[in-house]
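One letter stands for each residue in the lines below.
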Amino acid sequence: MRVKEELAALRPAAPAERRALLAALLRFAATLHIGGATEGSGGPDRSRFTLVLTGGSGGVARLAFWLLHAGYGVRADFRVREAGALAPRSRYEVVLAERVEQVLADTGILDAAGRLSFGVGGGLLRGRDAAACFARGAFLGRGSVSGPTREPHLEIGAPEERTAGTLAAALVRLGLPARASVRGTDQHRVVVKGGEAIGRALLTMGAQSAYLAWEDGRIRRQVRGEAVRLANADQANLRRSVAAAMTQVVAVERVVGQQGWERLPADLAAVAALRLAHPDASLAELGALLDPPRSKGAVLARLRRLASMAPAEAGGEEWPGTTQPGEDA
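Residues numbered from 1 in each chain as written. Predicted model: local features only at pLDDT ≥ 70, side-chain atom pairs only at ≥ 80, totals over all residues. Heavy atoms only, no water.

## Let's talk about helix H9 (residues 266-277)
- With 12 residues, H9 extends 16 Å from end C-alpha to end C-alpha; this agrees with the ideal 16 Å at 1.5 Å per step.
- Taken together, the buried positions of H9 are Leu 268, Ala 269, Val 271, Ala 272, Leu 274 and Arg 275. (Helix = DSSP H or I, 4+ residues; strand = E, 2+ residues; numbered from the N terminus. Expected span 1.5 Å × (residues − 1). Buried < 20%, exposed > 50% of the residue type's maximum accessible area, 1.4 Å probe, protein only.)

Below is the structure:
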């Protein structure tokens with residue numbers, strides 16, 4: 001909701017941008033009543049149409065009120081439906097019952113013959129700024145974006161297929177990887193996925209503060225994910241190293257039990273004694289304890305020579321292969 005409040009506070013100065021913004025708000029968030037004013041609009045019917053824009057954001061409702069007054073000199077009714085048992089949140093309505101046909105024609109919702117027009121005329125989206133304002137209005141009308149620390153997802157519901165396609169094409173022209181899709185049988189939507197792409201979408205629509213918060217959350221999410229991945233990898237390496245060390249201890253005990261210490265060459269006896277005395281040590285640590293110190297590769301070679309002197313019995317412990325986990329330690 002904070003993203004929408006930031007976007008709703010923006011007031012475009014150019015008439016073409018205001019018209020594109022209003023056109024999107026009406027297409028994505030308003031309903032059209034045919035046959036006169038709705039209840040409470042006051043007085044006799046002033047038009048054969050009544051426009052009602054409804055939403056959960058007071059900022060969006062105030063923006064629509066301003067656009068209608070700035071562009072057409074009309075003062076719509078502004079209503080607040082307070083929260084109740086059946087509606088847990090307040091709802092805001094902007095109701096227009098005068099000069100509706102002019103507004104609808106100017107925003108491309110009525111064609112030259114006065115009939116409803118599906119899809120969005122190309123003239124409304126001429127220029128990058130007008131296209132960005134149309135995207136902003138669509139998001140304000142029926143859009144949502146995940147929180148900065150959650151899986152990145154931006155979605156805008158659309159009233160019908162052609163409008164969804166036009167919005168997706170406009171976003172693509174703005175350099176955003178958008179696509180139109182259908183959920184279920186008739187729920188049209190436009191989706192932008194990917195943290196970097198959603199950040200650019202917020203910036204393109206004008207939500208600079210939301211963009212900074214999004215980028216901060218995205219970077220935090222990436223860092224946290226990398227930290228978890230490294231921690232899991234370290235734990236897996238530790239488990240493999242411990243298992244390998246225990247296998248080496250068993251092998252050394254078997255060799256000593258079968259051959260005796262006196263029959264072992266001095267270099268092998270030194271490694272065997274260190275492995276039994278330091279079962280948790282890595283190969284590198286064992287090598288550092290030798291006199292003179294040896295590399296972990298040399299220690300591993302000596303341990304393998306020890307194991308070859310007394311092979312494991314059938315069904316017993318197997319000596320680790322060439323990809324010795326202890327080498328990772």
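So much for the structure itself; the text now carries on.
## Side note on the sheet that holds strand S7 (residues 178-183)
- Pairing within the open sheet is antiparallel, and its 4 strands lie in the order S5-S6-S8-S7. Edge strands, defined here as strands with exactly one partner in the open sheet, are strand S5 (143-145) and S7. This sheet shows a mean twist of 25° between the axes of neighbouring strands, independent of strand direction.
- In the sheet, S7 pairs with strand S8 (residues 187-193) via 6 bridges, with the strands oriented antiparallel. (Pairing = 2+ DSSP bridges. Axes fitted to C-alpha atoms, helices over the stretch in contact; angles between N-to-C directions.)

## A short note on the pairing of S8
- The buried count for S8 comes to 5 of 7 residues, which makes it a mostly enclosed element.
- When strand S6 (residues 153-158) meets S8, the two strands line up antiparallel, connected through 6 bridges. Residue Glu 155 lies in a different strand from S8, and its bridge partner there is Val 191.

## A look at a nonpolar patch on the surface
- A grouping of Leu 238, Val 242 and Met 246 is seen on the molecular surface, where their side chains present a nonpolar patch of about 260 Å² in accessible area.
- In this structure, Leu 238 sits in helix H8 (residues 208-259). (Patch = residues over 30% accessible without salt bridge, like charges linked within 9 Å, V, L, I, M, F, W, Y side chains within 5 Å. Areas by Shrake-Rupley, 256 points an atom, 1.4 Å probe, with all protein chains shown as cover. Salt bridge = Lys/Arg side-chain N within 4 Å of Asp/Glu carboxyl O.)

## As for the sheet that holds strand S3 (residues 77-81)
- A sheet is described by the order of its strands in space; here 4 strands give the open sequence S1-S2-S4-S3, paired in antiparallel fashion. The open sheet is flanked by strand S1 (30-34) and S3, the only strands paired with a single partner. When the angles between neighbouring strand axes are averaged without regard to direction, this sheet yields 25°.
- Pairing geometry for S3 and strand S4 (residues 91-96), over 5 bridges, is antiparallel. Directly across from Val 80, in S4, lies its bridge partner Tyr 92.
- In the packing of helix H2 (residues 15-29) onto the sheet, contacts are made with S1 and strand S2 (49-55), and the angle to S2 comes to roughly 85°.
- With respect to the sheet, helix H3 (residues 58-72) is in contact with S2, S3 and S4, its orientation differing from that of S4 by roughly 15°. (Contact = heavy atoms within 4.5 Å.)

## Digging into the confidence of the model for the chain
- Residues with a pLDDT of 70 or more make up 86% of the chain, whose mean pLDDT is 83.
- Under a pLDDT of 50 for its full length, residues 37-45 has, in the predicted model, 17 contacts with residues more than four places off or in other chains.
- Under a pLDDT of 50 for its full length, residues 313-329 has, in the predicted model, 37 contacts with residues more than four places off or in other chains. (pLDDT = per-residue confidence, 0-100.)

## Some remarks on the packing of aromatic side chains
- Here the structure, examined in full by the defined rule, presents 3 aromatic pairs.
- Pairing Phe 28 with Phe 134 gives two aromatic rings, centres 6.2 Å apart and planes at 75°, and the pair type is edge-to-face. Taken together, the residues span a long stretch of sequence, with Phe 28 in helix H2 and Phe 134 in helix H5 (residues 128-142) at a distance of 106 residues.
- Where Phe 65 meets Phe 78, the ring centres are 6.4 Å apart and the plane angle is 75°; that geometry is what we call edge-to-face. Residue Phe 65 is located in helix H3, and its partner Phe 78 is located in strand S3; the two are separated by 13 residues in the primary sequence.
- Taken together, the ring pairs connect Phe 65, Phe 78 and Tyr 92 into an aromatic cluster. (Phe/Tyr/Trp six-rings, centres within 6.5 Å; stacked < 30°, edge-to-face > 60°.)

## Concerning the nonpolar core
- Ranked by size, the top nonpolar core spans 66 residues in total, and within it Leu 167 and Leu 171 carry the most contacts.
- Not counting the four nearest positions on each side in its chain, Leu 167 is found in contact with Phe 28, Phe 134, Ala 135, Ala 138, Ile 156 and Val 190. (Core = buried A, V, L, I, M, F, W, Y, C linked by side-chain atoms within 4.5 Å.)

## So, the packing of H5 against helix H6 (residues 161-173)
- Put simply, H5 and H6 touch, their axes get as near as 10 Å, and they point 130° apart. The pairing of H5 with H6 is recorded here as oblique in orientation. At the point where H5 passes H6, the crossing takes the left-handed sense. Two secondary-structure elements touch here, H5 through Arg 128, Phe 134, Ala 135 and Ala 138 and H6 through Leu 167, Leu 171 and Arg 173.
- Split into classes, the residues belonging to the contact of H5 with H6 amount to 5 nonpolar, no polar and 2 charged. (Parallel < 35°, antiparallel > 145°, perpendicular 65-115°, else oblique. Left-handed = near helix turned anticlockwise from the far one by under 90°. Nonpolar A, V, L, I, M, F, W, Y, C, P; charged D, E, K, R; others polar.)

## Comments concerning the environment of Gln 248
- You can see Gln 248 is positioned in helix H8.
- The sequence separation of Gln 248 and Arg 275 amounts to 27 residues, and the corresponding C-alpha distance is 7.6 Å.
- Within polar-contact distance, the side chain of Gln 248 engages the side chain of Arg 275 at 2.8 Å. (Polar contact = N/O pair within 3.5 Å; in protein donor to acceptor, adjacent residues only side chain to side chain.)

## Quick word on the environment of Leu 264
- You can see Leu 264 is positioned in the loop between H8 and H9.
- Residue Leu 264 is classed as buried on the basis of its relative accessible area, which comes to 8%.
- Residues Leu 264 and Leu 306, spaced 42 residues apart in sequence, show a C-alpha to C-alpha distance of 8.5 Å.
- Apart from the residues lying within four places of it in its own chain, the contact partners of Leu 264 are Val 255, Val 256, Gln 259, Ala 269, Leu 306 and Met 309.

## Some remarks on the pattern of salt bridges
- Under the definition given, this model contains 8 salt bridges.
- Across the salt bridge formed by Glu 93 and Arg 81, the nearest N and O atoms sit 3.3 Å from each other. Of this pair, Glu 93 sits in strand S4 while Arg 81 sits in strand S3, and the two are 12 residues apart along the sequence.
- For Asp 111, the salt bridge goes to Arg 115, with nearest N and O atoms at 3.2 Å.
- The class of Arg 115 is exposed, set by a relative accessible area of 55%.
- Shared partners join several salt bridges into a network, and the residues in it are Asp 77, Arg 79, Arg 81 and Glu 93.

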